[in-house]
There are 4 protein chains.
Amino acid sequence: MMYFELKFPVRYYETDQMGVVHHSNYIRYFECARNGMMADGGYPIEQCEAEGVTIPIVSVECKYRYPARMGDVLTVTASIEKVPLAKLVIRQTVSNQDGKLCAEGSVTLGFLNKDTGRPVACPQKLADLIEKRLSDR
Amino acid sequence: MMYFELKFPVRYYETDQMGVVHHSNYIRYFECARNGMMADGGYPIEQCEAEGVTIPIVSVECKYRYPARMGDVLTVTASIEKVPLAKLVIRQTVSNQDGKLCAEGSVTLGFLNKDTGRPVACPQKLADLIEKRLSDR
Amino acid sequence: MMYFELKFPVRYYETDQMGVVHHSNYIRYFECARNGMMADGGYPIEQCEAEGVTIPIVSVECKYRYPARMGDVLTVTASIEKVPLAKLVIRQTVSNQDGKLCAEGSVTLGFLNKDTGRPVACPQKLADLIEKRLSDR
Amino acid sequence: MMYFELKFPVRYYETDQMGVVHHSNYIRYFECARNGMMADGGYPIEQCEAEGVTIPIVSVECKYRYPARMGDVLTVTASIEKVPLAKLVIRQTVSNQDGKLCAEGSVTLGFLNKDTGRPVACPQKLADLIEKRLSDR
């Protein structure tokens, strides 16, 4: 499995009047971990885009388990189990500093040629990166 | 079916560097339609909260079909098919001005006693409202 | 004076744990009114960008007068007093449904050539549009 | 001077279709540094609120100097020069990894009794904290 985790505190503006982190922000946290994983792997999203491939979201699902709050330091994870062909599936979680699972879900990504907007295969650099990590562990 | 729709333009800050609306914002659009439906039904979310019940999100799923862009005027819908007991399931869509489906998904909501944080049944006013609308059509 | 106003309800995700609209969102509301004004004038921002000029923000100032809350329907205004040369200054306000002033401020915009990133004069179409409205009233 | 800085990467969802960080997000970055400073000083905002005082924004001003982009790691600073009475003024900056100043501004905060909503003096713990830091340096 290719695995990455990122730690950061809740930001005040992410809370809502229920006094907890608004549910849409977990979807954004997921993205932070995915992009952190790409950057950590040496192929940041902005380079991928500059080389002509954008990575739009195909679908998202998220189950909310426990509210994150201001003051929490969250750990957000991204895990990949298979080298992608046309689509990349990433499992994601958000936990708080007590190890309590706040949210979990999965995100499916596609790949588009930036100029034509047409679907393309996963960029070779990204596939190689994932393959290497999958075989490392 | 209880059905509601809301129309509004894409906001510039909702776009990202792919030049389209960031995927997290559809989750927020969904919420706008849900809250619009409650307000339209005479029982706005802020009144529900003031009466002691918060409505946290249990799960969200969203499939992205077609990118919304700056300049688009979106129609966001919320549909309810069953009177909720402990949980309320809402089907949701986002379409653009050409009737093109941009995103569709479903959101499951729970009900919590605001003071104790414990799960409660759907507030009677909300259940009545839904029941009335379901039988109207 | 060229004047435009836009009305829309507060969105739930815009509130924070103080129970009011987070201060950063007024800056976004300002933008909604500015872009509404351009679209209303027949020269929407996305067309301006497509024609090669982006309109970045040079500076923002905002005074917060009264909190907007969930359930409020806001009126956001944008006013221009002078045809811009290199910079465009826009006065902005946000008021609630009771006419209570929630925030007021001003935003200064610049104009950049999209390809070179260099400052340019206000696009002629935009200058004409503003000039026409200023002389109309 | 009481000084604090925080480092974090730009998040993808913070970019807009100009390809840079949307201007409203600098206002949010400012907040992150302010709240980081409070937490670092041993009196986090959530504790202050739990003890009955909220800290709403009175005014914000921000000058935009250089665009932050995806891939940038930002340093956000907050500086206080005077022990506050009724209002607290904080100078703020955002710079990128090359030391380039992206934005600078100042934020004025007030203090409200959480229950009555009426203005109060700066909480003693916060004033003490600031006073101690100001005399340390």
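K.L.:
Please give an account of the nonpolar core that cites residues and values.
P.N.:
Counting 176 residues, the largest nonpolar core has Tyr-26 of chain A, Tyr-26 of chain B, Tyr-26 of chain C together with Tyr-26 of chain D as its most contacted members. Once residues within four sequence positions are removed from consideration, Tyr-26 of chain D is found in contact with Val-21, Cys-62, Tyr-64, Tyr-66, Pro-67, Ala-68, Val-94, Cys-102 and Ala-103 of chain D.

K.L.:
Provide a residue-level description of the interface of chain B and chain A, including the pertinent values.
P.N.:
Each partner contributes residues to the interface: chain B has 22 residues there, and chain A has 22 residues. Across the chain B/chain A interface, buried area totals approximately 1,900 Å², and carbon plus sulfur atoms make up 53% of it. Among the residues of chain B in contact with chain A, Met-18, His-23 and Arg-28 of chain B are the three that bury the most area, contributing 27% of the side total. Across the contact surface, chain B and chain A share zero salt bridges. Here chain B is connected to chain A by twelve residue pairs in polar contact (both at pLDDT 80 or more). Of all the secondary-structure elements, those providing two or more residues to the side of chain B that touches chain A are helix H1 (24-40) and strand S3 (57-64) of chain B. Ranked by the residues each element gives to the side of chain B that touches chain A, the list is headed by S3 of chain B, at eight residues. Of the residues in the side of chain B that touches chain A, the class split is nine nonpolar, seven polar and six charged. As defined by bridge partners, strand S3 (residues 57-64) of chain A adjoins S3 of chain B across five bridges and the pair is classed as antiparallel. Residue pairing for S3 of chain B: Lys-63 of chain A is matched across the bridge by Ser-59 of chain B.

K.L.:
Lay out the sheet that holds strand S5 (residues 88-95) of chain B in plain terms, naming residues and giving numbers.
P.N.:
Spatially, the ten strands line up as an open sheet ordered S1(A)-S4(A)-S5(A)-S6(A)-S3(A)-S3(B)-S6(B)-S5(B)-S4(B)-S1(B), and their pairing is antiparallel. Unpaired on one side and paired on the other, strand S1 (2-9) of chain A together with strand S1 (2-9) of chain B mark the two borders of the sheet. With strand direction ignored, the average angle separating the axes of adjacent strands in the sheet is 15°. Of the strand pairs in this sheet, strand S4 (residues 73-80) of chain A and strand S5 (residues 88-95) of chain A are connected by five bridges, and their pairing is antiparallel. Along S5 of chain A, the bridge assignment pairs Ser-79 of chain A with Arg-91 of chain A. Strands in contact with helix H3 (residues 124-136) of chain A are S1, S4 and S5 of chain A; relative to S1 of chain A, the strand with the most contacts, it is inclined by about 100°.

Rules used in this analysis
- Residues numbered from 1 in each chain as written.
- Chains lettered and ligands numbered in written order.
- Predicted model: local features only at pLDDT ≥ 70, side-chain atom pairs only at ≥ 80, totals over all residues.
- Heavy atoms only, no water.
- Core = buried A, V, L, I, M, F, W, Y, C linked by side-chain atoms within 4.5 Å.
- Buried < 20%, exposed > 50% of the residue type's maximum accessible area, 1.4 Å probe, protein only.
- Contact = heavy atoms within 4.5 Å.
- Buried area = accessible area lost by both parts, 1.4 Å probe.
- Salt bridge = Lys/Arg side-chain N within 4 Å of Asp/Glu carboxyl O.
- Polar contact = N/O pair within 3.5 Å; in protein donor to acceptor, adjacent residues only side chain to side chain.
- Helix = DSSP H or I, 4+ residues; strand = E, 2+ residues; numbered from the N terminus.
- Nonpolar A, V, L, I, M, F, W, Y, C, P; charged D, E, K, R; others polar.
- Pairing = 2+ DSSP bridges.
- Axes fitted to C-alpha atoms, helices over the stretch in contact; angles between N-to-C directions.

Any link to function would need more than the numbers given here.
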